[in-house]
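Residues per chain, in single letters:
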Number of protein chains: 2
Amino acid sequence: MVTLKDVAREAGVTATTASRALRGMDLVTPKTTQKVVAAAEKLGYRMNISAQSLRTGRSGTVTFLTAGIDGAYFSSLAMQFAAELNKQGMHMLIESSRYLVDSQGRERDMSYLFSDGIIGINAKHASKALASHPSVLLEDYTIDSPYDQVNAPSQSGTRAAIRHLYDKGCRHIGLVGHDIPPESDPGASQQVRMLAAKHECLALGLDFDDERSLISVPWSRQGGVEAGHRWADDDLGFDGLYCPSDGLALGVLRGLADRGVDVPKDVAVIGFDGITDGQYSVPTLSTIAVDFTSMAQAAVSLLTHRIEHPDEERYPQTVTVGYKLIERESTAR
Amino acid sequence: MVTLKDVAREAGVTATTASRALRGMDLVTPKTTQKVVAAAEKLGYRMNISAQSLRTGRSGTVTFLTAGIDGAYFSSLAMQFAAELNKQGMHMLIESSRYLVDSQGRERDMSYLFSDGIIGINAKHASKALASHPSVLLEDYTIDSPYDQVNAPSQSGTRAAIRHLYDKGCRHIGLVGHDIPPESDPGASQQVRMLAAKHECLALGLDFDDERSLISVPWSRQGGVEAGHRWADDDLGFDGLYCPSDGLALGVLRGLADRGVDVPKDVAVIGFDGITDGQYSVPTLSTIAVDFTSMAQAAVSLLTHRIEHPDEERYPQTVTVGYKLIERESTAR
DNA sequence: GTGAAAGCGCTAACAA
DNA sequence: TTGTTAGCGCTTTCAC
């Protein structure tokens, strides 16, 4: 293994100078830098990050902590983060929060979390890990959270979605989701969206009933399928369906297809997130497209600030990014 | 920051003993171990991985190197790997090969690649990184590759797909893809699949022409849409369409839907990969489902072997995993 | 502008 | 079974 010392010897300088040269510090003579770089190149030197990290206390790595990156939503989000971090010369470690708790639900030792910070989504149970690092939480709507938050525009986006259905003539709007939470402190995006939908329906003067206006299914594609079936089988009578995620909406589309329902003629469907799959479904899916790129930029920027100013006392910030209503076939009428 | 020394002091032993106790080495008295563990717990000790890694030369981290994890295919693959590595007590760093080459196409410094090994997919241009680590390549069909390979059953799976179309009465089978490569050394899964499809068509005594049997489009969902359009607009006359990836197939379904084509009645469509999206499309997608779990297990096992036996001279191995033909609506007739 | 020396936190070899 | 010592490769004083 070729070390900095080897490079230094080859270049006829000391390790100190070689180190400085390789990092492009400007106290070094251009000529010296040249020599060092040439030597490094010649010997095929690659820096030992562990050593650097031990010395400086920084690893240049950020952990993306999630329950899972499967599915279009998480994977496109994860990609945005990797890209953004790479741009900053950092790297992304991906860690599944599933493996952070043992069978008894206790947090496992996370000694490996040598990363400089954590970007967490659906990872609240990993509280030890979060607390021991600069952390940014995504899609966490806890009030007075101790962490910086970056959120999708769940409220405004949902309202826009409901209004869109309304504008398309829907007067019996149904919500697809697990439940409609009580007003107090909703913690997850799902809950925020359900609540906002209810409020907007009410604001528009529509009939709304916590029980009858909800098709209660699990938050998943399969749940969506079930909701589609129920719409048809139970003759629910909604002329518009709001789904708080595109995954759910895509499931609904499939479930309705199973019953030969015509979307959007019989019922209009709108989703939330803006995953690319919605461009290719049959029918294509109207949705609230969240600005993932901005989410990534905001989160990385908040995080790097915390990493670089560990002692600064700054109140936790919340960034809410923008959205765009995309009208496609599922509400075109 | 609490270090091993602090723990040792608290427990009344030396750092060495503390280190051994914490790692569960059995030369340490159970009683001593107890004390050390208690002290660590009390002080909230977490190991400094950089230091450990510097000392031992191992980071416990594997890089998943890919052009991108967006899309259902890469993300489910990536998840399988993360899960498998986590099971082994290792961690996954995700790195986009896009950021490994600069604008001139030269490989950038990858000093950060402090991981113990690399699992690469679509990452051949990162040859320096691969060469400097134990590496396993996924979906690389290069003959005489210097690296271990883990591949999907592209040949046998493709043949099964074509035979399935044949069994469903298709006699004019079209291939969707970029091109049909020459016989020699195909490097990518796409090429292997196209070639295998051609061979199987020929073996079944079907008409086949490199030009006329191909709908040449880019390897993407959008490419699939285009292919669907062409089928209808150019009156291509295929009664069965083989798509070498589910993404492509889902695009085709959407493209055919644009033209009001009835799948499978007018034309049957089959994909390859087995991503979950195919369960929810309209119509649902028949496909060759690749055993991703086995891919992950095989790759991790090959890699850990190389990591643990760096000096062993072992010829590069190739593992080809199994598949399952899943028949859904898109070929049901 | 460059070098010498110290030390980040850990573990392996050796000694007791 | 436990402790002592040395050093992994790097960067950061502090001197020159």
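Residues numbered from 1 in each chain as written. Chains lettered and ligands numbered in written order. Predicted model: local features only at pLDDT ≥ 70, side-chain atom pairs only at ≥ 80, totals over all residues. Heavy atoms only, no water.

As named in an unreviewed UniProt entry, chain A is LacI family transcriptional regulator, taken from Bifidobacterium simiarum.

A.B. asks: Explain the relation of the copies chain A and chain B here, please?
C.D. replies: Both copies of the chain are related by a screw-like operation: a rotation about an axis and a shift along it. Turning chain A through 180° and shifting it by 0.0 Å along the axis lays it on chain B, with an RMSD of 0.1 Å. Here the transformation between the copies is reduced to the relation of a two-fold axis. Here 100% of the contact residues of chain A are again contact residues in chain B; the copies associate through an equivalent surface. (Least-squares fit on C-alpha atoms with pLDDT ≥ 70 in both. Contact = heavy atoms within 4.5 Å.)

A.B. asks: Help me out: how do you make sense of helix α7 (residues 154-167) of chain A in this one?
C.D. replies: Helical periodicity: at 3.6 residues per turn, an α-helix aligns residues three or four positions apart in one direction. Residue and element names in this part refer to chain A. A rise of 1.5 Å per residue sets the reference length of α7, with its 14 residues, at 20 Å; its end C-alpha atoms lie 20 Å apart and thus fit the reference within 8%. When α7 is considered as a whole, its buried residues turn out to be Ser154, Gly157, Thr158, Ala160, Ala161, Ile162, His164 and Leu165. Buried residues in α7 make contact with β6 (173-177), α8 (189-203), β8 (240-242), β9 (268-273), β10 (286-290) and β12 (323-326). Directly beyond the C-terminal end of α7, a positive phi value near 95° is found at Gly169. (Helix = DSSP H or I, 4+ residues; strand = E, 2+ residues; numbered from the N terminus. Expected span 1.5 Å × (residues − 1). Buried < 20%, exposed > 50% of the residue type's maximum accessible area, 1.4 Å probe, protein only.)

A.B. asks: Could you clarify how one ought to interpret the sheet that holds strand β3 (residues 117-121) of chain A in this entry?
C.D. replies: Within a beta sheet, neighbouring strands are joined by backbone hydrogen bonds and run either parallel or antiparallel to one another. With mixed pairing, twelve strands are arranged side by side in an open sheet as β11(A)-β5(A)-β4(A)-β3(A)-β1(A)-β2(A)-β2(B)-β1(B)-β3(B)-β4(B)-β5(B)-β11(B). Edge positions in the sheet fall to β11 (318-320) of chain A together with β11 (318-320) of chain B, since each of these pairs with one other strand and no more. Strand after strand, the sheet turns through a mean of 20° between neighbouring axes, direction not considered. Taken together, the three bridges between strand β4 (residues 135-138) of chain B and strand β5 (residues 148-151) of chain B define a ladder with parallel strand orientation. The residue bridging Leu138(B) from the neighbouring strand is Val150(B), located in β5(B). (Pairing = 2+ DSSP bridges. Axes fitted to C-alpha atoms, helices over the stretch in contact; angles between N-to-C directions.)

A.B. asks: So what exactly am I meant to see when it comes to the domain arrangement of chain A here?
C.D. replies: If you check the domain split of chain A, you get domain 1 (4-47), domain 2 (61-152 + 292-322) and domain 3 (154-290 + 324-331). In this structure, domain 1 of chain A and domain 3 of chain A have C-alpha centres spaced 60 Å apart. (Domains from an automatic or database assignment.)

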